[in-house]
Amino acid sequence: MESLVRELPDAEGARLFYERMMAEHGRVARLLSKDAGLLSDVLALAAWSPFLATTLGQHPDYLSWLARERLLVRVRTAEELGESLARFALTHSQLEPQMLLARFRRRELLRIYLHDLRRTSTLVETTEELSNLADAVLQYALSLAQQELDNLYGSPLFTDARGRTATASFSIVALGKLGSRELNYASDIDLMFLYSDEGSTSGKGTRGSITNREYFVKLAERVARLVGQPTGEGAAYRVDLRLRPHGRDGALGCTLAEALRYYRESAQAWELQALIRSRAAAGSASLYARFAEGVRSRVYRQGETVSRALAHVRLAKQKIDRHHASETRGFNVKLGRGGIREIEFIAQALQLAYGGRDEWLRAPHTLISLGRLHDRGFINERERTALSDAYIFLRTLEHRVQMEQGLQTHLVPDDPARRELLARRMNCPAPDARTALERELARHTANVRAAYERVFGATDDETTDETQLDATPDVPSDHSDHAPQPPPRRSNSIHLNQQHRADATAAERSRAVVREPPADAETAAATASASMLAPRFESFSGETQSSAATHVRPTTDALARLIRQRADASLNARRSLSTLARVAASLDKSDAPLTLSETSLDALIRICGASEFFGEMLASNPLLIPSLTTDAREVEARDYRALLRAAIDKRRSFGSELSALRSVWSQLLVELGACDARGEIPLVESNRLQTALAASSINAAYLIARRELARRYKRLLAGPRLCVLGLGRLGSIGMDYGSDLDLVFIYDEAVPSPLPGLTCEQAYARLVEILVTSLSSLTRDGYLYRVDTRLRPDGKNGALASASRAFAQYLAERAGVWEWLAYVKLRAVAGDMELGRLIETWARRAVHEAAARVGAETLRVETRRIRERLERERTRPASHTIDIKFGAGGMLDVYFATRYLQLRDQIPDEGQDRSTPHMLTRLHAAGSLHEQDFQALHEGYQLLRTLDHHLRLLVGRSTRLPSQDHPALRDLARLTGHASAATLTAHLQTHMRAIRAAYDRITAEDARKV
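On a predicted model such as this, the values are computed, not experimentally measured, just so you know.

Asks: Looking at this model, I keep getting lost on the overall build of the protein chain. Mind explaining?
Replies: Along its length, the protein chain carries 43 helices and 15 strands. Accessible area for the protein chain stands at about 41,100 Å²; split by element, carbon and sulfur atoms hold 50% of it.

Dropping the structure here:
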């Protein structure tokens, strides 16, 4: 241990932390003593951040999580972090939401800062992931607050221009560093809350109806409180709402119209400047897009003069300087002379001056904007390099200062000993690290100040004439009609998230190599993990097969050997043991009676090694473990609809019905997943069973919705006649783990409204809202499916439920080609099946007739346009991973080719098998598909779907394969019979090239002449 500590910046602090952990936490001591890599990383965290050392001391169980996460070096998206937060919430359900969010953030900081200080993540990656973490926390808080308010008041509604009732939307707008995805470890988050429309709530909750203004102000208050209210471990974030319209005097939430009016008529220059770094952090992205479009011309003015833009920005900087003039405790890396704020203001001032005529300059991220300003010639190469290097140095210095104690500080300490320690944490060379730090700080701040004075030096007052600035050689004259327009070096259509690392400096992109631990360390770690787990399972374990004759429980050592052996026999021993640890942690907190036989323990270890997806389900609810041993024949014979109906029938309240539905659904899915992971159910059968479970769940949710409507309105005047139509995987009987439900709801308008005083449209809208909530709302017991209703007539602007005649008319007269490509797989799945099959027949006929009218050429052109748009929007440029759905030669190529040929050659689905392979076979038999293309699509699709299925089992829903060095890719290779990950990748790429070639031939302009 001494050799690990000796070179650390705070060796004594790391040593004391190690001694305390060894003395107070026996299990942790064994884990650290067996895993030298983890020990090294934990000691590094303690040496760089006493704040995080305290976190580990308070929550030693985080070490098992860190042992797994520390080797996965990549930027987590907000969506991935949101899923992690949902899992964290399920395993920490006893915590109050504020405490939950604060703890989750601190746990994630362990991983992020470890990669930061090890320099395996760049500054740009670190700040991006910190921003994604804040987004995930905000989205989770918003979902909780919305659910609470909807239960009290119903959902907020408004009447649109066509007289239809729709749900008002809400957006959390991020400003400042969060807005530009440059958040630091201890930043405030600057927020503004927008909602779309005035109106009132539906009144379906326990407290009746209120105005939308009241609803959204309450929503903003609740989100701010959930995220920003201090707990025993602090708040997740400090929330600053002073940048909202009218500042402290403004309402917490305002309508889109009010916000646009304020920024167009009343906002001061510094408020408009703040909007350079704004985006939707949570809630409705489309609402924010409307806001951004409405204020863009005010932020970036085409008629703006250089002198006025620079003067406004300099004035704002002078006000900040006066406000902080009394700070004398040390250099302020953010606000001091030559500090971070001056770099930001240089970039923003030039953006305001020239961005009105050049959209390329409107980048919120500081490093990216510096690069673009250099591209256009507004700063020279020396300034760009100096400012970028200074920004990276100063932000890194800021991070080291903040993460010492987790405080929002920007001050470099004056105390020589503390400054010496900070210098070592900045990796300044010995023996005189402090002098080296001071020398680097002086160099960078001098460079920043020189650039700042070059840009702002000619504008000492707000009336400086722009020609004075134009005399500076590096700044083009503003008297010309247009700013210089050299060809951009990068496409400005790339989203900021996809451009962080591409636009970072070359030095900043250099990264340390993360190597796998040696084999003997792996073996020792696995043995230690099994030894740690054995005592935790000992109290739950029954007799083993070898001890059953004498009715003796296995000893702890025997149980440890059993766990180790079973883990080694699983698909991935490391995954098995780490996931098993999370299950054990849940068992420790559970007071429910549970005894594990050797068979059930064996099944648990196997599924933990084969599937993170099911491992997390079991960790959130260990009572599901006995379901792992259900025989495959019994699983295949299940009557899902009867089982779910029986569970609901016994309950008498909405909440208890939801709980019963989730409980039985989880049991049925775990049974199926365990058989699947054991290889006892083929892929086609797994898809069929999952589709049957989904349809049965929709029927169960329909029953719950009808019963809830009857409770709320005392009685139903008539039985509702509603059918549920499935699209996508649900429609083609291809449901898989994590699949969405793409649903369309149709009612028979000839039947009287089931609710007194409401029209059919109103009554069925409420019925469908409850149905969707029953399927998709997140409760203590989790949720069943994500429900997507965007494919309904008129999309998000359309009614949730459509009248049957109106639906048929829409398909025949108004639907677009992209909708026909989706609706060609329409299938009645739940509700009134007689009505559903009738609608299905109508819809199929209408789609094929409409396709025949427009002709093959229009179908071809539109098919290619839609496919190319999805590929462009959903794939990552320059990514080293393979996207098996959206990428070239992915599943969407097969989907679009198949559906195009169905419509072009009028070959509708028929019978029960609506799958893509079956339709390819029919198209081949009908002569629509040549032999070469049939083989390419059929064989390639089978491989893609197999990989997709196993990937969902392994790590959950994802369209991208893991990277080449990721253990999950090696597991995928084993599952699909490939000798190695490289062999799998090569085989896959061959098939995907063949699929793309076939797709291109099928959708080529002269395809029918081939």
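That was the structure; now back to the text.
Asks: I tried to follow the side chain of aspartate 971 on my own but got confused; where do I start?
Replies: Within the fold, aspartate 971 resides in helix H42 (residues 967–975). On the basis of relative accessible area, aspartate 971 is assigned to the buried category, the value being 4%. When sequence neighbours within four positions are dropped, the list of residues in contact with aspartate 971 reads Leu571, Asn572, Arg575 and Leu954.

Asks: Honestly, the sheet that holds strand E2 (residues 165–167) in this entry has me stumped. Any pointers?
Replies: Sheets are built from strands paired through backbone hydrogen bonds, the pairs being either parallel or antiparallel. Spatial ordering of the open sheet is given by E2-E1-E5, a layout of three strands whose pairing is antiparallel. The sheet terminates laterally at E2 and strand E5 (200–201), the two strands that pair on one side only. Along the sheet face, helix H11 (residues 212–228) touches strand E1 (156–159) and E5 and points at about 145° away from the line of E1.

Asks: Sorry, what's going on with the packing of helix H12 (residues 256–265) against helix H14 (residues 285–299) here?
Replies: The packing of two helices is summarised by the inter-axis angle and the distance between the axes. For the pair H12 and H14, the least separation of the axes is 9 Å and the interaxial angle reads 15°. Comparing their axes, H14 and H12 come out roughly parallel. In terms of crossing hand, the pair formed by H12 and H14 is right-handed. From H12, Leu256, Ala259, Leu260, Tyr263 and Arg264 reach across to H14, where they touch Leu287, Arg290, Phe291, Gly294, Val295 and Arg298. A breakdown of the residues in the contact of H12 with H14 according to their chemical character gives seven nonpolar, one polar and three charged.

Asks: Would you mind going over helix H16 (residues 340–354) with me for this structure?
Replies: An α-helical turn contains 3.6 residues, so a residue and the one three or four places further along point in the same direction. Given a rise of 1.5 Å per residue, 15 residues ought to cover 21 Å, and the 22 Å separating the end C-alpha atoms of H16 matches this to within 8%. The element H16 is extensively covered by neighbouring structure, given that 15 of its 15 residues are classed as buried.

Asks: Whenever I open this one, the nonpolar core confuses me. Can you help?
Replies: Core analysis: the biggest nonpolar cluster contains 90 residues, and Phe537, Ile563, Leu604 and Ile698 have the highest contact counts within it. If we ignore the near neighbours within four places in the chain, the residues touching leucine 604 are Phe537, Leu580, Val583, Leu618, Ile625 and Leu628. Counting residues in hydrophobic clusters, the runner-up holds 86 residues, among them Met99, Leu152, Leu191 and Ile210.

Asks: Just to check I follow, could you spell out the confidence of the model for the protein chain for this structure?
Replies: The predicted coordinates of low-pLDDT regions are not to be read in fine detail. Within the protein chain, residue pLDDT values average 85, and 88% of them lie at 70 or more. Long-range and interchain partners of residues 458–519, a stretch whose pLDDT sits below 50, account for 124 contacts in this model, where long-range means more than four residues apart. Note that pLDDT drops below 50 for residues 546–551; the model gives that stretch four contacts with residues more than four away or on any other chain.

Asks: Mind showing me how you'd approach the pattern of salt bridges here?
Replies: As a working rule, side chains carrying opposite charge can pair if their charged atoms are close by. Taken as a whole and judged by the stated rule, the model has 81 salt bridges. A salt bridge links arginine 564 to aspartate 568, with the nearest nitrogen and oxygen atoms 3.1 Å apart. Residue arginine 564 and its partner aspartate 568 are both found in helix H25 (residues 556–569); the two are separated by four residues, about one turn of the helix. For arginine 564, a relative accessible area of 19% corresponds to the buried category. With relative accessibility at 44%, the residue aspartate 568 sits in the partly exposed group. Across the pair aspartate 948 and arginine 729 runs a salt bridge, and its minimum N-O distance is 3.0 Å. With a gap of 219 residues between them, aspartate 948 in helix H41 (residues 931–955) and arginine 729 in helix H33 (residues 728–731) connect regions that are remote in the sequence. Judged by relative accessible area, which is 2%, aspartate 948 ranks as buried. Through salt bridges that share partners, Arg645, Asp649, Glu657, Arg707, Glu708, Arg711 and Arg712 make up one connected network.

Asks: What's the story with helix H31 (residues 654–677) in this structure? I'm lost.
Replies: In this model H31 runs 34 Å from its N-terminal to its C-terminal C-alpha over 24 residues, within 8% of the 34 Å that 1.5 Å per residue would give. The element H31 is largely enclosed, with a buried count of 19 among its 24 residues. Residue glycine 679 follows H31 closely and has a positive phi angle near 75°.

Asks: Whenever I open this one, the environment of valine 223 confuses me. Can you help?
Replies: Along the polypeptide, valine 223 turns up in helix H11. For valine 223, a relative accessible area of 1% corresponds to the buried category. In the structure, valine 223 is positioned 81 residues away from leucine 142 in sequence and 5.7 Å away in space, judged by C-alpha atoms. Contact partners of valine 223, with chain neighbours within four places excluded, come to Leu138, Ala141, Leu142, Ala145, Ile172 and Phe193.

Asks: Would you mind showing me how to read the packing of helix H18 (residues 381–405) against helix H19 (residues 416–425) here?
Replies: H19 packs onto H18 with a crossing angle of 120° between their chain directions and a minimal axis gap of 10 Å. Compared by their axis directions, H18 and H19 come out oblique. Along this stretch, H18 crosses H19, giving a crossing that reads as right-handed. When H18 is examined against H19, the residues Leu397, Arg400, Val401 and Glu404 are found in contact with a partner set consisting of Arg418, Leu421, Leu422 and Arg425. Within the contact of H18 with H19, the residues separate by chemical class into four nonpolar, no polar and four charged.

What counts, and where the lines are drawn
- Residues numbered from 1 in each chain as written.
- Predicted model: local features only at pLDDT ≥ 70, side-chain atom pairs only at ≥ 80, totals over all residues.
- Heavy atoms only, no water.
- Helix = DSSP H or I, 4+ residues; strand = E, 2+ residues; numbered from the N terminus.
- Areas by Shrake-Rupley, 256 points an atom, 1.4 Å probe, with all protein chains shown as cover.
- Buried < 20%, exposed > 50% of the residue type's maximum accessible area, 1.4 Å probe, protein only.
- Contact = heavy atoms within 4.5 Å.
- Pairing = 2+ DSSP bridges.
- Axes fitted to C-alpha atoms, helices over the stretch in contact; angles between N-to-C directions.
- Parallel < 35°, antiparallel > 145°, perpendicular 65-115°, else oblique.
- Left-handed = near helix turned anticlockwise from the far one by under 90°.
- Nonpolar A, V, L, I, M, F, W, Y, C, P; charged D, E, K, R; others polar.
- Expected span 1.5 Å × (residues − 1).
- Core = buried A, V, L, I, M, F, W, Y, C linked by side-chain atoms within 4.5 Å.
- pLDDT = per-residue confidence, 0-100.
- Salt bridge = Lys/Arg side-chain N within 4 Å of Asp/Glu carboxyl O.

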